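Chain residues, written in single-letter form:
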Amino acid sequence: MIDTYMAALGFEKTTQEGRFSNGAYEVWDLVPRNVLVDEDGDIFVVDAEIKQI
C-alpha cells in the first residue's frame with residue numbers, strides 16, 4: 001500500500017526499505033509503523049524524514 005501511494009505521488013522505491021525518491025526529494029522511514037490508514041483507505045504519514053537532494 002505504501003509503495004502504491006508513493007508511486008502515485010511520483011516517487012520510486014530505492015534499494016533501502018521504506019526509502020523513496022523523485023529526483024528532487026528523498027523520503028525515508030516510510031514503514032508500516034509510521035503510516036496510518038483510515039477506514040476510507042486514506043494514508044497518513046506520521047513520522048517520515050524528508051530531504052531535498
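Before reading on, note that the structure itself is shown above.
Note that residues are indexed from 1 along each chain, following the sequence as it is written. Given that this is a predicted model, residues contribute local features only at a pLDDT of at least 70 and side-chain atom pairs are listed and counted only at 80 or more, while totals for whole chains, interfaces and linings are drawn from all residues. As a convention, hydrogens and water are excluded, and side-chain values are obtained from all of the structure's heavy atoms.

Draft legend 1. The arrangement of the pairing of strand 3 (residues 25–28) in detail. At least two bridges found by DSSP between two strands are what make those strands a pair. Helix and strand definitions follow DSSP, with helices as H or I runs of at least four residues and strands as E runs of at least two, each counted in order from the N terminus. Bridge count for strand 2 (residues 20–21) against strand 3 is 2 bridges, and the pairing is antiparallel. Bridge pairing in strand 3 links F20 to V27. The hairpin turn running from strand 2 into strand 3, its antiparallel successor, is 3 residues long, and G23 in that turn takes a positive phi close to 90°. Judged from the 4 bridges that link them, strand 3 and strand 6 (residues 49–52) form a sheet pairing that is antiparallel. From the neighbouring strand, V27 faces strand 6, where its bridge partner is I50.

Draft legend 2. Structural detail: the environment of D38. In this fold, D38 is placed in the loop between strand 4 (35–37) and strand 5 (43–45). For every residue, the accessible area (1.4 Å probe, protein chains only) is compared with the maximum for its type, and the residue is labelled buried under 20%, exposed over 50%, or partly exposed between those bounds. Since its relative accessible area comes to 29%, D38 is described here as partly exposed. The spacing of D38 and Q16 is 22 residues in sequence and 26 Å in space, taken between C-alpha atoms. Two N or O atoms form a polar contact when they lie within 3.5 Å of each other; inside protein one atom must be a possible hydrogen donor and the other a possible acceptor, and for residues adjacent in sequence the pair counts only when both atoms belong to side chains. Reaching out from D38, the side chain makes a polar contact with the backbone nitrogen of D40 at a distance of 2.9 Å.

Draft legend 3. Highlighting unusual backbone geometry. Even without glycine at this site, D29 takes up a positive phi of about 75°. One can find D29 in the loop between strand 3 and strand 4. Residue D29 is classed as partly exposed on the basis of its relative accessible area of 24%.

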